[in-house]
Amino acid sequence: MGLVMGLGLGLGLGLGLGMWMGAKGLGDGDGDGSGLSENGQYQKRERYVEFSSAKKQNTLSFEPSSDSDGVGRLTSFSFKESRVRELASHTVLLHEYPFNMMEHELFNKFMRACTPHWKKISHATIRNDCITTYQNEKRKLRTLLKLVDKVNITTDMWTSCQRVSYIVVTCHFVDSTWCLQKRILNFCNVPPPHSGVVIADALRNCFSDWGIEDKIHTITVDNASANDSAIRIIKDDFELKNALSVGGRLFHVRCCAHITNLLVQSGLVEIRGIIDDVRQGIKYIVASKSRLNVFSEIAKRLHLPCKKLILDVPIRWNSTYLMLDTVIKYKEVFPRYHRVEQAFQWVVTPEQWEMVGNVNQVLSIFNDVTNVVSGNEYPTANLYLPGVWRMKQVLMIKCDDRNKYMRSMASRMIDKFDKYWGDSNLLMSIAAVLDPRYKMKLINFCFPIIYPLTEACSHINNVLAVLKELFESYVFAHTACILQETAQVNVPSCSSSSAIVGDVVSKISEGRSRFADHIRSSDIIRPIKTDLDVYLEEDVYICSKNENGVYMETDFDALAWWKCNALKYRILFRMTKDILAVPISIVASESSFSASGKVIEPHRASLSPDTVQMLLCGSDWVRALHGSKKKSASEKLVEVELPTTTTTTTTT
């Protein structure tokens with residue numbers, strides 16, 4: 001019985017398997033599948049290939065999330081050559097790689113190890129792909145600028161190693177999501193002479209090419225006389241078109257970082273000889289590894305914690321400050337080093353080190369202010385007035401210092417201060433008022449410190465008058481926009497031949513439209529108190545404290561506050577959006593020069609100006625596309641790490 005059941009079960013399974021193989025074409029029958037040929041070879045049929053392919057599992061790819069939650073997602077992976085080439089062009093542009101990087105042998109081996117689908121990209125192909133990316137991103141930026149009411153411009157000049165002069169034009173604006181945006185518009189060749197007329201023509205051509213000639217709000221430049229002339233020419237053009245607010249009093253913005261540099265350089269004259277000795281001494285020590293070893297050994301015996309020496313860039317005062325701030329920690333090392341190395345002649349006396357320490361106390365305040373206002377990823381116009389007040393206050397205190405050199409330094413710097421800030425800087429004052437932490441209370445508090453008492457009251461009244469005048473211009477524009485929209489609304493009449501349902505829908509839509517028009521037209525009626533009146537009468541915003549009881553001022557985001565209060569201040573928020581987007585330094589434009597120095601290296605000096613513009617602008621746009629941040633563009637300091645272990649034996 002068991003034998004019969006076993007044979008039956010085996011026969012049933014065999015017949016079932018045979019029928020399945022026949023249906024799928026896997027047996028040796030006459031179906032459409034594969035079978036054995038007459039010579040016994042297995043024939044692969046097309047249907048079997050399709051069946052096998054259908055049964056393969058997809059390759060999964062994990063894509064990290066760019067959101068704050070950090071949760072990624074799984075997607076099915078497929079190799080797309082077009083996407084690979086697009087990202088390759090982004091890589092070359094963003095990281096400023098040479099075109100022939102894609103032809104490097106080891107790079108291609110690496111890519112083939114990552115995927116067998118990789119195909120080598122030639123020098124010419126990646127160049128064309130970069131041009132395509134540049135053109136695509138330019139179209140996107142042009143579309144974005146059409147949605148912006150006003151843009152703010154920074155510009156500067158630069159000369160390459162080819163002795164070719166370039167002008168960089170950067171625009172700044174706050175987008176619809178209340179994020180501060182910065183984009184390089186042009187990096188183009190400007191042949192000499194670099195007069196005001198030539199610079200003005202280059203700027204006008206840039207504005208016209210991008211279609212923003214009617215959207216320019218401010219232009220920020222340094223204090224070069226040619227820039228002043230160019231701004232006057234452009235300002236006259238805009239005045240003819242009545243395109244300037246408050247009579248153009250906010251149009252020309254002087255780079256505050258450049259002004260601060262002039263102030264400090266005038267004060268450093270008092271200890272110029274000491275600075276030169278320190279600089280030459282550091283140059284002597286870092287020029288030889290054996291000298292550095294001796295210096296490091298002495299520092300180690302004195303148990304000094306600092307690990308490096310800094311050599312400054314003489315034209316940048318903040319680098320000089322960092323050099324002095326670092327080297328003063330080694331003031332006990334230098335005389336001991338002189339006993340070992342008789343050729344070392346730049347020994348600073350204890351009295352001179354005391355002078356360096358006193359001067360650096362003042363420079364630390366200026367350095368803090370410069371670091372704050374030199375950012376380009378957050379508003380800076382509202383932050384400079386508190387810094388100016390701090391600088392003026394410390395200078396006034398040092399005018400009564402017991403040391404003559406400190407009194408002389410402070411006097412020199414105050415003379416420069418009064419030259420550039422003798423008249424109230426309306427832009428930084430209005431921007432500070434529009435910071436909810438300050439409002440007019442900061443103006444009333446710090447102006448009597450910054451200016452003589454006889455002039456402070458006049459400056460305060462002037463700031464308030466210009467603020468109200470500027471607000472009225474936005475009220476006028478808001479009212480004109482509503483009237484224009486209302487005039488364009490035409491209520492269609494109902495046709496007698498319309499269906500009953502169509503009649504009902506039309507009447508409902510007509511009713512909603514009339515109600516919307518009524519709400520919009522009510523904005524024309526001027527309230528008893530304007531947005532500006534309500535804003536100024538309310539108390540200032542007080543930041544919360546951390547666990548140490550310190551107010552977290554640095555964590556406050558003025559744009560985020562105004563985004564949350566936009567519905568409350570329906571007109572004032574538009575004005576604030578434009579004012580807080582104004583950059584008060586040209587750091588954003590200077591940052592492109594650090595990249596251009598890498599792009600136009602001596603061995604790549606044959607690049608045409610058009611290619612240079614494509615690379616520099618494309619790099620900036622791709623960086624914005626991928627949310628990649630760029631470090632500020634200050635000159636690189638020479639930082640020399642002290643050896644941790646030495647074999648040299650010295651006697652101190």
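Residues numbered from 1 in each chain as written. Predicted model: local features only at pLDDT ≥ 70, side-chain atom pairs only at ≥ 80, totals over all residues. Heavy atoms only, no water.

Asker: Pulling in residues and values, what's your account of the sheet that holds strand β3 (residues 151-159)?
Answerer: In space, the five strands of this open sheet follow the order β5-β4-β3-β6-β7, with mixed pairing throughout. If you trace the sheet from one side to the other, it starts and ends with β5 (180-189) and β7 (252-254), each paired once. For this sheet the average axis-to-axis angle between neighbouring strands, irrespective of direction, equals 25 degrees. Where β3 lies against strand β4 (residues 165-174), eight bridges are found, and the strand directions are antiparallel. Each residue of the ladder has a partner; that of M157, found in β4, is I167. Sheet strands in contact with helix α24 (residues 609-626) are β4 and β5, and its direction is about 175 degrees off that of β5. (Pairing = 2+ DSSP bridges. Helix = DSSP H or I, 4+ residues; strand = E, 2+ residues; numbered from the N terminus. Axes fitted to C-alpha atoms, helices over the stretch in contact; angles between N-to-C directions. Contact = heavy atoms within 4.5 Å.)

Asker: How would you explain helix α6 (residues 196-210) if you had to name every residue and give the values?
Answerer: Taking 1.5 Å per residue as the helical rise, α6 with its 15 residues ought to reach 21 Å, and the 21 Å between its terminal C-alpha atoms agrees with that figure. If you check which residues of α6 are buried, you get G196, I199, A200, A202, L203, C206, F207 and W210. All buried residues of α6 project into a common sector of 160 degrees when viewed along the axis, lining one side. Positive phi shows up at G211, right after α6, with a value of about 70 degrees. (Expected span 1.5 Å × (residues − 1). Buried < 20%, exposed > 50% of the residue type's maximum accessible area, 1.4 Å probe, protein only. Arc of directions from axis to C-beta.)

Asker: Which residues make up the packing of helix α9 (residues 272-286) against helix α11 (residues 317-327), and what are the values?
Answerer: Across the interface, α9 lies against α11 with an axial gap of 11 Å and an inter-helix angle of 70 degrees. Between α9 and α11, the crossing angle belongs to the class labelled roughly perpendicular. Contact residues: α9 offers I275, V278, R279 and I282, while α11 offers T320, M323, L324 and V327. When grouped by side-chain class, the residues that make up the contact of α9 with α11 number six nonpolar, one polar and one charged. (Parallel < 35°, antiparallel > 145°, perpendicular 65-115°, else oblique. Nonpolar A, V, L, I, M, F, W, Y, C, P; charged D, E, K, R; others polar.)

Asker: Quick rundown of the pattern of salt bridges? Include the residues and the values.
Answerer: As enumerated under the stated definition, the model contains 26 salt bridges in all. Close ionic contact of E297 with K300 constitutes a salt bridge, the shortest N to O distance being 3.9 Å. With a gap of three residues between them, E297 and K300 both fall in helix α10 (residues 289-301), about one helical turn apart. Classification of E297 by relative accessible area gives buried; the value is 13%. Residue classification places K300 among the partly exposed positions, given a relative accessible area of 40%. A network of salt bridges, in which partner residues are shared, links D201, R204 and D237. (Salt bridge = Lys/Arg side-chain N within 4 Å of Asp/Glu carboxyl O.)

That's the geometry; what it means functionally is another story.
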